[in-house]
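Structure assessment
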Amino acid sequence: MYGSKSGLHPAVLEFEKLVADKAQYRKQLEEWVRFSWRWATTDKYKLVFKVQASALRAIREFLDSKGFVEVLSPVIGPVTDPGIRGAKQASIDFYGHEYKVMSSAILYKQYMAASLGKIYFVSPNVRLEPLDSIYTGRHLVEFYQVDVEMYKASYIDAMDLAEELVSYVVRYIRDVHGKELEEKLGRQLREFQRPFKRYPHKEAVEFVNKLGCRNPPKEELLWECEKLMSSHHDAPLFIYDYPKGARGFYDREDPERPGVLRDFDMLYPEGFGEAISGAEREYEPEKLVERIRQGGEDPARYQWFLQMAKELYPLQTAGFGIGVERLTRYLCGLRAVWEARPFPKVAGIAGGP
């Protein structure tokens, strides 16, 4: 492990010990998945699921108070998010046509933002993650995400909103469940001081490299580097301005700074890693076609999306997504996201509910 482990939450350290013996860990995880009804009825996980419900209630209360409208998200469609960092999309036969199961509803929330101004989905997602993703503690094949999008907004607006949202949720959970979390799970939630620290991607890479975690300069932070950076902070932090090529075609390239995307991630502290990912969206139709091709895909597959971008031009939106299970893991101080999900689905392990 790189750098000091002093900033890692005990649950993160416990997970590291679990995966040290990969064969034994996989055996334990297979049993965990296949017999989830056994652990789901214990007092610990009853509390976890109650905290999760409260977190969703807090998110809705906050967004509703800001004038956002909750909209039903698609479950299948002709295309879905291609920028899913090593995972594969799942497909179904839709009356003779290949439709995708949503890996993220990012393309769909843009036109609802054009319709209603400020919207959010509480959306299910399926990503066929690589087999080795079971060793990160942060990946599920099936998970929920709160997708937020705003019309005529910048990525700075989105960061400000994300910061305010996470602070609100943590404060809400402290008020409603703080005593029970401490008594039953030994979890003490800190109330965050704003503003959160913000690092340009270049500075974040320099930060982790100085700690010995070698991260390529033009790539997203590696999982281990992300965890390391997270462990060196006691409040959430932002990384922004990722290099072009590190994200999907829909993240807007800064017209003043070629090669730099107007996007961001938020990381939880204590080694829990990524919390939120967001950006301004690319809206120039010709640029969208170019970016799709640069990603090795056929623009014809995105026909409806490109037509919408032309008809609603300029479709300028910004937003982010926050994973519900990762949020729950952080709030409850859990070892891994498979503890934050009833009937969890993880890569390569079948046979459970």
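It should be emphasised that the depicted structure is a prediction, and the values quoted were computed from it without experimental measurement.

1. Details of the pattern of salt bridges
This structure, assessed with the given rule, holds 36 salt bridges. With a shortest N-O distance of 3.4 Å, glutamate 224 and lysine 227 are connected by a salt bridge. Placement of the pair is glutamate 224 and lysine 227 together in helix H8 (residues 223–231), with a separation of 3 residues, close to one helical turn. Residue classification places glutamate 224 among the partly exposed positions, given a relative accessible area of 34%. Each of Asp241, Arg252, Asp254, Arg257, Arg262 and Glu280 takes part in one network of salt bridges that share partners.

2. Section: the pairing of strand E8 (residues 237–240)
With burial as the criterion, each face of E8 is covered, one bearing Leu237 and Ile239 and the other bearing Phe238 and Tyr240. In this sheet, E8 lies alongside strand E7 (residues 197–200) in parallel orientation, the contact comprising 4 bridges. Each residue of the ladder has a partner; that of proline 200, found in E8, is tyrosine 240. Sheet analysis places E8 next to strand E9 (residues 263–268), joined by 4 bridges and oriented antiparallel. Bridged to phenylalanine 238 within E9 is methionine 266.

3. A closer look at the environment of tyrosine 330
Relative to the elements of secondary structure, tyrosine 330 occurs in helix H11 (residues 324–332). Residues tyrosine 330 and tyrosine 268, spaced 62 residues apart in sequence, show a C-alpha to C-alpha distance of 7.4 Å. Sequence-distant contacts of tyrosine 330, that is, excluding residues within four places in its chain, are made with Val170, Arg187, Leu189, Phe192, Tyr268, Pro269, Glu270 and Phe272.

4. Digging into the sheet that holds strand E4 (residues 97–101)
Across the sheet, which stays open at both edges, the 3 strands sit in the order E2-E4-E3 with antiparallel pairing between neighbours. The open sheet has two free edges, formed respectively by strand E2 (76–77) and strand E3 (91–94), since each of these has just one partner strand.

5. Quick notes on the state of the cysteines
In total, this model carries 1 disulfide according to the counting rule given. Put simply, cysteine 213 and cysteine 225 are joined by a disulfide, and their sulfur atoms are 2.1 Å apart. Handedness here is read from the sign of the S-S torsion; for cysteine 213 and cysteine 225, about -90°, the answer is left-handed. Here cysteine 225 lies in helix H8 and cysteine 213 lies in the loop between helix H7 (201–210) and H8, a separation of 12 residues in the sequence. Cysteine 213 gets classed as buried once you look at its relative accessible area, which sits at 2%.

Cut-offs and rules
- Residues numbered from 1 in each chain as written.
- Predicted model: local features only at pLDDT ≥ 70, side-chain atom pairs only at ≥ 80, totals over all residues.
- Heavy atoms only, no water.
- Salt bridge = Lys/Arg side-chain N within 4 Å of Asp/Glu carboxyl O.
- Helix = DSSP H or I, 4+ residues; strand = E, 2+ residues; numbered from the N terminus.
- Buried < 20%, exposed > 50% of the residue type's maximum accessible area, 1.4 Å probe, protein only.
- Pairing = 2+ DSSP bridges.
- Contact = heavy atoms within 4.5 Å.
- Disulfide = S-S within 2.5 Å.

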